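One-letter residues, chain by chain:
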Amino acid sequence: MSATAYSIKTPAAAPLRAPLPLPVSAIETHAALPQLAHDDQARMNVGAAFNTFLAQRMLPAVERAARAEVEPARQARLGQPAADRHEYRRDLEQNLTWRLWSRLRRSNMEMLQQAGRLAVLPQLPALVETCREINAGHDRLELDPTFQPPGYLSRLHSHLMPGGYVAELGDDDIAAGAAYDVVTHAVLGGRSGPASDRAGRATLAWLREHRPGWTPRRILDLGCGIGTNTCVLARAFPDAEIIAVDAGAALLRYAAARAASLGVTNIRFIQGDIETPPVGDERFDLVMTLMVLHETSRPGMQRIFASCREHLAKGGLTFHLEQPPYRDKPLLEQCLRDWDGRYNNEAFWSAMHDTDLAAQLRAVGFPAQHVFETTANAPPLGATTATQEDYGRGGAWYVVVGEKPLLKEVSV
Amino acid sequence: MSLERDLLAMATEPAAGPRPQFFDDPAMDRVWDVLAALTAELAVTRTRLNSLERVLAEHDCLPAGVVDGWVADDEAARDQAQAHQEMLMRVFRGLLQDAAAKQ
Ligand SMILES: C[S@@+](CC[C@H](N)C(=O)[O-])C[C@H]1O[C@@H](n2cnc3c(N)ncnc32)[C@H](O)[C@@H]1O
């Protein structure tokens, strides 16, 4: 090889929006994790690669098309730019590049969900047995056979997961939990870490920074899913008593088995509606929702916030982690961020991102001076850091916090 | 791997919710959806072949030309036919889901 470097005349490398995904084999193993055969693993990895391709290569094309085609076309037609996100989106929807990007993104999500289910169903009897055995060995799982999930969870299957969170395919079913574990890792390309727990690590990092030395004794995690993020707090605060609530029995059985198999013993998983959490009149130092509110409804969110206040101990903190609100964002970015709300079955996504969550917390009685907006982040483990926003699948989270003062405020 | 038919159907049920149409002609949505699935299945197949070649090389055990000269027996043919069905369920998922969602 000659010592002279050969230089190819190509454009400079595009900034990374999405790093190369980690393979699904990087998921943190535990006793309840489904075993994926070669091709099932390959399907997950190809799906992750597909998403990376869409973010890295096609999203810039969408942005160029918006600037070079969509905006000038409106200007030429009407002599003025779009007034709001809805006008902008209606124009975008006529654009070929937007249509192709959207079509492929939607198709890939459907494929990943189907692939996750097809990988899990054949081994479901064995997985159910494993979870039964593990959960028989502890008393940290409390299901309610009479429970009726709120309509928004059964009517709309979030992020295209067939059956949604609350389906029961048989006795002691865990299919939704098992599929969620695998598919979430693939959808995020492993950027949330081997345990898909980046939100939990971001929450912990935020607490360490903003409440240094604070050790919550009791934590309530509303909408815990399979508990990956709950486990981060459980490990960081081993003496804390944690209650994790969710509507999905299949998620909770899986979550309880997963946590037990990982040696986490300070979380009780309880089935219930987080609008009225089944925790009696118990109080907690930290009451949180991580990536949950966008799946509820406006009245649902208001009731959840009211419950947070009701179950918060004096001096406690309620913490809600979501994607940032749309306000002040450029219209194109709003449309890109709103994709999940329109095309990925996220019930309350669009409306929630237009809502002032801090005002909602104040409305349920948190004193104005104790409500604030902030951000939380944690380094992605393993994957190289993306330097640009992937609009909804990466980047920093938005957090709204409410504090219950130790002393009653004296009204003046 | 052979799958029970009902599991294939179960895994192919659409998620409850609206099914967006991005193109004026729904056929265009369908064609792109199928293309996406075919692309994914092709990538999976290429990964499989690549893995296989690496395994065989590691074990130093496949004389050249053996695969080209191989003929499936009844059982292998049945397995492969079943695998074809499974692949078609994956590739034509969107078609089936559209039909199911309309009921
Ligand atoms: C996107 S998942 C997030 C799970 C978890 N917080 C995490 O960070 O991984 C949202 C969860 O909220 C649950 N959920 C939404 N609304 C609920 C309600 N009203 N009652 C109980 N659970 C609810 C869903 O079942 C789902 O498991």
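These notes cover the structure that comes with them. (Residues numbered from 1 in each chain as written. Chains lettered and ligands numbered in written order. Predicted model: local features only at pLDDT ≥ 70, side-chain atom pairs only at ≥ 80, totals over all residues. Heavy atoms only, no water.)

## Focus on the nonpolar core
If you look at soluble globular proteins, the nonpolar side chains tend to sit buried side by side. All names here are of chain A. Rule in force here: Definition of nonpolar core: a set of buried residues of the types Ala, Val, Leu, Ile, Met, Phe, Trp, Tyr and Cys, connected through side-chain atoms within 4.5 Å. For each residue, the accessible area found with a 1.4 Å probe, counting protein chains only, is set against the maximum for its type, and the residue is called buried under 20%, exposed over 50%, and partly exposed in between. The domain boundaries here were taken from an automatic or database domain assignment. In what follows, residue pairs with any heavy atoms lying within 4.5 Å of each other are defined as contacts.
Within the largest apolar cluster, 76 residues are counted, with the highest numbers of intra-cluster contacts made by M44, F269 and F319. The residue makeup of this core includes at least three contributed by each of domain 1 (26-181) and domain 2 (190-409). Setting aside its immediate chain neighbours within four residues, F269 contacts R140, L141, E142, C224, G227, A244, L252, A255, A256 and A259. Ranked by size, the runner-up nonpolar core spans 30 residues in total, among them A82, W98, L104 and L336.

## Here we look at the environment of M291(A)
Residues and elements named next belong to chain A. Spelled out, the test is: Runs of H or I in DSSP of at least four residues are treated as helices and runs of E of at least two as strands, each being numbered from the N terminus.
Relative to the helices and strands, M291 resides in the loop between β5 (284-290) and α10 (298-310). Its relative accessible area of 33% is what places M291 among the partly exposed residues. Between the C-alpha atom of M291 and that of G280, which follows or precedes it by eleven residues, the distance is 24 Å. When neighbours within four sequence positions are excluded, M291 is seen to be in contact with A199, N229, L321, E322 and W397.

## Thoughts on the layout of surface pockets
For the record, the criterion: Points on a 1 Å grid, built from protein atoms alone, make a cavity when a 1.4 Å probe fits but cannot get out and make a pocket when they are open with protein on both sides within 12 Å along at least 5 of 7 lines; residues with an atom within 4 Å of a point are the lining residues. Grid points are joined across faces, edges and corners, and a volume is the space filled by probe spheres set on the points.
Of the voids in this model, the largest pocket is the one considered here, and its volume is about 950 Å³. Looking at the largest pocket, it is lined by 27 residues, and the ones nearest its centre are D39(A), T45(B), R48(B), Q80(B) and A83(B). Every element with two or more residues in the lining of the largest pocket is listed here: α1 (38-78) of chain A together with α2 (26-59) and α3 (74-91) of chain B. Tallying contributions element by element places α3(B) first for the lining of the largest pocket, with nine residues.

## Concerning the environment of L36(A)
Residues and elements named next belong to chain A. If you trace the backbone, L36 turns up in the segment before α1. Residues L36 and I270, 234 residues apart in the sequence, show an inter-C-alpha distance of 29 Å. Among residues more than four places away in sequence, those in contact with L36 are V24, Q41, M44, A119 and V182.

## Remarks on helix α7 (residues 198-210) of chain A
Residue and element names in this part refer to chain A. Worth spelling out the cut-off: A helix's residues, less one, multiplied by 1.5 Å, set its expected span.
For α7, spanning 13 residues, the distance from its first C-alpha to its last is 18 Å, which sits close to the expected 18 Å at 1.5 Å a residue. Looking at α7, one finds that the buried residues are R198, A199, G200, R201, A202, T203, L204, W206 and L207. Among the structural elements, α8 (228-236), β5, β6 (312-322), β7 (371-376) and β8 (397-403) are those in contact with the buried residues of α7.

## Points about empty space enclosed by the protein
Within the structure shown, the criterion is met by seven cavities of 30 Å³ or more. Roughly 130 Å³ of volume is contained in the second largest cavity. Contributions of two or more residues to the lining of the second largest cavity are made by α1 and α3 (96-120) of chain A together with α2 of chain B. Among the elements that take part in the lining of the second largest cavity, α3(A) stands out by supplying five residues, more than any other.

## Points about the site of the ligand
Residues and elements named next belong to chain A. Selection rule: Throughout, the term near means that a residue has one or more heavy atoms lying within 4 Å of the molecule or strand in question. Counted as a polar contact is a pair of N or O atoms within 3.5 Å, where, for protein atoms, one must be capable of donating a hydrogen and the other of accepting one, and residues adjacent in sequence contribute only when both atoms are in side chains. Here the open area of atoms and residues is found with the Shrake-Rupley method and a 1.4 Å probe, where only the protein chains shown may cover a residue. The classification used treats Ala, Val, Leu, Ile, Met, Phe, Trp, Tyr, Cys and Pro as nonpolar, Asp, Glu, Lys and Arg as charged, and all other residues, Gly among them, as polar.
Around the ligand there are 20 residues in total, and Y152, G223, N229, D246 and L290 lie nearest to it. The side chain of N229 places a nitrogen or oxygen atom 2.7 Å from an oxygen atom of the ligand. Within the side chain of D246, one N or O atom sits 2.6 Å away from an oxygen atom of the ligand. Here the ligand has 600 Å² of accessible area as a free molecule, and 97% of this is covered by the chains. The residue makeup of the shell around the ligand, split by class, is twelve nonpolar, five polar and three charged.

## Considering the pattern of salt bridges
Residues and elements named next belong to chain A. Just so we agree on the cut-off: When a carboxyl oxygen of Asp or Glu lies within 4 Å of a side-chain nitrogen of Lys or Arg, that pair is called a salt bridge.
Counted under the stated rule, the structure contains 35 salt bridges over all chains. As a salt-bridge pair, D354 and R85 come within 3.0 Å of each other at their nearest N and O atoms. Pair noted here: D354 is in the loop between α13 (349-353) and α14 (357-363) and R85 is in helix α2 (residues 85-92), with a separation of 269 residues, a long-range link. By relative accessible area, D354 is classed as partly exposed at 47%. Taking the shortest distance from any N to any O, the salt bridge between E282 and R218 comes out at 2.4 Å. Here E282, found in the loop between β4 (267-271) and β5, pairs with R218, found in strand β2 (residues 218-222); they are 64 residues apart in sequence, far enough to count as distant.

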